[in-house]
Amino acid sequence: MTGLPAIGFSPEHEDLRSWARDFAKREIAPVADTIDRTDEYPRDLAKRMGDYGLLGLGTPKEYGGLGLDLISSVVVAEEIAKVSLSAALIIGVQNGLVAYPICEFGTQEQKEKYLPRLVKGEIFGSYGLTEPGAGSDAANIQTKAERTSSGSYKINGSKLWISQGLVADVVVLFTRTGSVADGAAGMTAFVVDKGAPGFKVGGKLEVIGIRGTGTAELVFNECTVPATNMLGSQGDGFLIAMAVLNQGRIGAAAGALGVASAALEASISYSKKRVLFDRPLEKFEWIRFLMADMATRLEASRLLTYRAAYLRDKGEEFVKEASMAKVFSTETAVWVCERAIQIHGGIGLSKLLPLERYLRDAKILDIVEGTSEVQRWILSREILQD
Ligand SMILES: Cc1cc2nc3c(=O)[nH]c(=O)nc-3n(C[C@H](O)[C@H](O)[C@H](O)COP(=O)(O)OP(=O)(O)OC[C@H]3O[C@@H](n4cnc5c(N)ncnc54)[C@H](O)[C@@H]3O)c2cc1C
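Residues numbered from 1 in each chain as written. Predicted model: local features only at pLDDT ≥ 70, side-chain atom pairs only at ≥ 80, totals over all residues. Heavy atoms only, no water.

**A closer look at the site of the ligand**
Inference 1: The environment of the ligand is made up of 15 residues, and the closest members are Thr130, Ser136, Trp161, Thr371 and Glu373.
Inference 2: Between the ligand and the protein, one listed contact pairs an oxygen atom with a backbone N or O atom of Leu129 at 2.9 Å.
Inference 3: Here a nitrogen atom of the ligand and a backbone polar atom of Trp161 are 2.8 Å apart.
Inference 4: Considering the ligand on its own, with 980 Å² of exposed area, one finds that the protein chains cover 65% of that surface.
Inference 5: When residues are assigned to domains, the shell around the ligand turns out to be shared by domain 2 (126–235) and domain 3 (239–384), each giving three or more. (Near = heavy atom within 4 Å. Polar contact = N/O pair within 3.5 Å; in protein donor to acceptor, adjacent residues only side chain to side chain. Areas by Shrake-Rupley, 256 points an atom, 1.4 Å probe, with all protein chains shown as cover. Domains from an automatic or database assignment.)

Here it is in structure tokens:
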């Protein structure tokens, strides 16, 4: 792919953006701080997002979803994340990390069983890849799935830092069916239901950002699942995990756009109101140039992110572009949020404004779904072709 394709939003994308903006203002803004403060999963909000179709943005219409393209998901994520990254993450997990792999790799039976309920928010899902000993090094997972004489699979192991793990009714779970020496080739995915014998939530894990999204440990102790719960074929696990993450990185970048936009908008507004040395803050050159840089980096992030989604929607190669969007947008969000606090001075550090929440949320994004270092590793391989 050479050159930058023209990125234009269709009237449908623009309508979706203004609808998502209104929805976020009306339904999410009043509870955004409470979700962060209490760290409790907002089940009512999540269900309401399901009622409005937000949990089935990309799911085909035949399973009750809206069947929209990835640009639409980025538009929604950006607008919702301006108000609450936690709410955007719930939409992202349900759509991108759970429904998407079932849509792409599931059997007809699995699609019919899970997708309509995921779309409506009747059930919530998780994506279980990370383990205590395997995060960036995902091919090193140790959770074992062994075929039994009856043809079912017995799963043993645990998963760490799993979003929505606390409330998950179903988990897209990555296991090792081959030996450790097989690496990525020995990985197999399963769809595991909450009621499966031997599966339990190990405990809630408290983190600094995206609070209220039910981050938890999942434990599998002689957990038995039928062979029909396998997602894709034996040995497809790594391929499925990466297919999800490649696309998920665009979602993380989209969330970063929203958080950074909110921090920049707050800074612009505050600089007009705050008077120092008989002048509004906006008249100080340092502040003006800083906001110019914040806006420029944000716009560059936006172009990278929508370009990656555009390529994905066109069915073209997008892995390099998704990694570029992820690393640049998430690091930009951290930088913009930190600068926004600087512009606000003391009040920026307080709980009176959501800026400190924005910074905590933004920081999560340059670690999840592949850290910045992992993105640079992917990019260097793409660029150097080695
Ligand atoms: C809030 C939250 C939600 C999450 N949700 C999920 C989820 O839903 N599902 C899921 O499966 N996981 C989830 N994760 C896990 C997340 O994806 C991992 O934390 C992340 O991939 C990093 O893995 P790690 O924590 O094991 O860090 P490590 O892999 O141990 O990395 C430690 C450090 O080493 C660096 N590093 C790694 N490899 C290289 C390299 N080749 N070169 C240079 N530096 C390198 C890393 O960038 C990092 O700075 C979540 C994590 C958090 C905090």
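**With respect to helix H10 (residues 355–365)**
Turn by turn, an α-helix covers 3.6 residues, leaving residues three or four places apart pointing in a common direction.
Inference 1: The buried count for H10 comes to nine of 11 residues, which makes it a mostly enclosed element.
Inference 2: Here H10 has its buried residues at Leu355, Glu356, Arg357, Tyr358, Arg360, Asp361, Ala362, Ile364 and Leu365. (Buried < 20%, exposed > 50% of the residue type's maximum accessible area, 1.4 Å probe, protein only. Helix = DSSP H or I, 4+ residues; strand = E, 2+ residues; numbered from the N terminus.)

**With respect to the pairing of strand E5 (residues 187–193)**
Working note: regular strand, side chains alternate between the two faces of the sheet.
Inference 1: With six of seven residues buried, E5 lies mostly within the body of the structure.
Inference 2: Bridge count for strand E4 (residues 170–176) against E5 is seven bridges, and the pairing is antiparallel. The residue of E5 that forms the bridge with Phe174 is Ala189.
Inference 3: Looking at chain direction, E5 and strand E8 (residues 230–231) are connected through two bridges and run antiparallel. Directly across from Ala189, in E8, lies its bridge partner Leu231. (Pairing = 2+ DSSP bridges.)

**Quick notes on the packing of aromatic side chains**
Inference 1: For the coordinates displayed, the defined rule picks out eight aromatic pairs.
Inference 2: Here Phe199 and Phe220 contribute two aromatic rings whose centre-to-centre distance is 4.8 Å and whose plane-to-plane angle is 10°, an arrangement assigned as stacked. Residue Phe199 is found in strand E6 (residues 199–204), and its partner Phe220 is found in strand E7 (residues 216–225); the two are separated by 21 residues along the sequence. In this pair, the class of Phe199 matches that of Phe220, namely buried.
Inference 3: An aromatic cluster of three or more residues is present, and its members are Trp19, Phe23 and Tyr52.
Inference 4: Residue placement shows Arg17 over the ring face of Phe9; its charged tip is 5.3 Å from the ring centre.
Inference 5: A cation over an aromatic ring shows up here: Arg279 above the ring of Phe284, its NZ or CZ 4.3 Å from the ring centre. (Phe/Tyr/Trp six-rings, centres within 6.5 Å; stacked < 30°, edge-to-face > 60°. Lys NZ or Arg CZ within 6 Å of the ring centre and 35° of its normal.)

**Concerning the packing of helix H6 (residues 237–273) against helix H7 (residues 285–313)**
Inference 1: Relative orientation of the contacting elements H6 and H7 amounts to 155°, with a least axis distance of 9 Å. Here H6 lies roughly antiparallel to H7, going by the angle between them. Considering the relative orientation of H6 and H7, their crossing is left-handed. Contact with H6, carried on its side by Gln247, Ile250, Ala253, Ala254, Leu257, Ala260, Ser261, Leu264, Ser267, Ile268 and Ser271, involves Ile287, Met291, Met294, Ala295, Leu298, Ser301, Arg302, Thr305, Tyr306, Ala308, Ala309 and Arg312 of H7 and no other residues of that element.
Inference 2: Its residues placed into classes, the contact of H6 with H7 shows 15 nonpolar, six polar and two charged. (Axes fitted to C-alpha atoms, helices over the stretch in contact; angles between N-to-C directions. Parallel < 35°, antiparallel > 145°, perpendicular 65-115°, else oblique. Left-handed = near helix turned anticlockwise from the far one by under 90°. Contact = heavy atoms within 4.5 Å. Nonpolar A, V, L, I, M, F, W, Y, C, P; charged D, E, K, R; others polar.)

**Quick look at the domain arrangement of the chain**
Inference 1: Structurally, the chain comprises domain 1 (11–124), domain 2 (126–235) and domain 3 (239–384).
Inference 2: For domain 2 and domain 3, the distance between their C-alpha centroids amounts to 31 Å.
Inference 3: Across the boundary between the two partners, domain 2 contributes 13 residues, which contact 11 residues of domain 3.
Inference 4: Across the domain 2 to domain 3 interface the summed buried area is about 890 Å²; carbon plus sulfur atoms make up 77%.
Inference 5: Across the domain 2-domain 3 interface, the total number found is three residue pairs in polar contact (both at pLDDT 80 or more).
Inference 6: Residue classes in the side of domain 2 that touches domain 3 are distributed as nine nonpolar, three polar and one charged. (Buried area = accessible area lost by both parts, 1.4 Å probe.)

**Some remarks on the side chain of Asp39**
Inference 1: By secondary structure assignment, the location of Asp39 is in the loop between helix H1 (11–38) and helix H2 (43–51).
Inference 2: Looking at Asp39, its side chain comes within polar contact range of the main-chain nitrogen of Gly212, at 2.7 Å.
Inference 3: Residue contacts for Asp39: discarding those within four places in its chain leaves Thr34, Lys204, Glu206, Arg211 and Gly212.

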